[in-house]
Amino acid sequence: MSTAPTTFARMSGQIAVITGAGSETGIGFASARLLGTLGAHVIVASTTERIEQRVAELRAAGIDASGLVADLTDPEETDRLARAALQVRGRVDILVNNAGMTSVSDAAESVPLLETSDKVWRDALDRNLTSAFRLTRALLPGMVERRYGRVVNVASVSGPVVAYPGDAAYHAAKSGMVGLTRALAVEVGRYGVTVNAVAPGWIATGSATERELAMGRATPVGRPGTPDEVAAAVAFLAMPEASYVSGQTLIVDGANSVQEEKGR
């Protein structure tokens, strides 16, 4: 990875929380690595102890990093994570809500809406939407009080922009992330807090299926995206310089959602 431009070193001294950062090949960890390279102290979180491996890797790269474990579908654990994050450096300047489950694009695993149980529906919303709502609600007061903050929600093109059959709960949750982003941006803009979303398309993470990778190769760019490319969008929205960008959704999908001739 190339060295970050010195003109963007203004993240030095900022405190960033990035959830869903347990996978070494995921968007959360790539975002933490880039924000840390740009000078932020990064607090990475995941549901398992493997987050300590990610912290070790970040520190080995010269990044100031801490790790926390929490299941963000549990309200008590979410509150505990928020308190622990605030104790690390006394505040949080940047929140990247990346935690959530991967969409199911494999036809063999798809479940039509008529076969979607209440539990599957609730679980999808809890992982992909309610978790972000709760953690943002817990960390937002400090940003409002200091009149500075950056909230970046990792949504998806699936739901807000496009859709495929068999995963309505995930689509609904990610659409909800965009609605949450817009509503909150209107509420807190006057306090110097911006709220934006990043909507990835087909990204070659470690959990991507062969079908998803093939879909990526069918985009106008001709390949799936990388976690680092999504992280670049996250970092831009988290910059102090992005102070007049709020309530927006930045699509990172290689122009896939705008191409009309998809059958060629």
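Residues numbered from 1 in each chain as written. Predicted model: local features only at pLDDT ≥ 70, side-chain atom pairs only at ≥ 80, totals over all residues. Heavy atoms only, no water.

### Considering the overall build of the chain
Phase 1: Secondary structure assignment for the chain yields seven helices and seven strands.
Phase 2: Starting at the N terminus, the α and β elements of the chain follow one another as β-α-β-α-β-α-β-α-β-α-β-α-α-β.
Phase 3: Computed over C-alpha atoms, the radius of gyration of the chain comes to 18 Å, within 12% of the 18 Å expected from 2.2 N^0.38 for 264 residues, which places it in the range of a compact globule.
Phase 4: Taken along its principal axes, the extent of the C-alpha atoms in the chain is 50 × 40 × 40 Å.
Phase 5: Across the 264 residues in the chain, those meeting the buried criterion constitute 46%.
Phase 6: Across the chain, every contact between residues at least 6 apart in sequence was considered, and the portion connecting residues at least 24 apart equals 73%.
Phase 7: Total accessible area on the chain stands at roughly 12,600 Å², and carbon and sulfur atoms take up 53% of it. (Helix = DSSP H or I, 4+ residues; strand = E, 2+ residues; numbered from the N terminus. Rg over C-alpha atoms; globule rule 2.2 N^0.38 Å. Buried < 20%, exposed > 50% of the residue type's maximum accessible area, 1.4 Å probe, protein only. Contact = heavy atoms within 4.5 Å. Areas by Shrake-Rupley, 256 points an atom, 1.4 Å probe, with all protein chains shown as cover.)

### Overview of the environment of arginine 33
Phase 1: Examined against the element boundaries, arginine 33 turns out to sit in helix H1 (residues 27-37).
Phase 2: Assessed through its relative accessible area of 23%, arginine 33 is described here as partly exposed.
Phase 3: Along the chain, arginine 33 and glutamate 57 lie 24 residues apart, while their C-alpha atoms are 9.2 Å from each other.

### Overview of the nonpolar core
Side chains of a nonpolar character, in soluble globular proteins, are inclined to be buried together.
Phase 1: By size, the foremost hydrophobic cluster in this structure holds 35 residues, and its most contacted members are Met11, Ile18, Leu35, Val42, Leu58, Val96 and Val198.
Phase 2: Of all the elements in the fold, those that place two or more residues in this core are strand E1 (15-18), H1, strand E2 (41-46), helix H2 (51-60), strand E4 (94-97), strand E5 (149-154) and helix H7 (227-238).
Phase 3: Excluding residues that lie within four positions of it along the chain, valine 42 makes contacts with Ala16, Ile18, Ala32, Leu35, Gly36, Leu58, Ile63, Asp64, Ala65 and Ser66.
Phase 4: Counting residues in hydrophobic clusters, the runner-up holds 23 residues, among them Val17, Leu81, Val92 and Met143. (Core = buried A, V, L, I, M, F, W, Y, C linked by side-chain atoms within 4.5 Å.)

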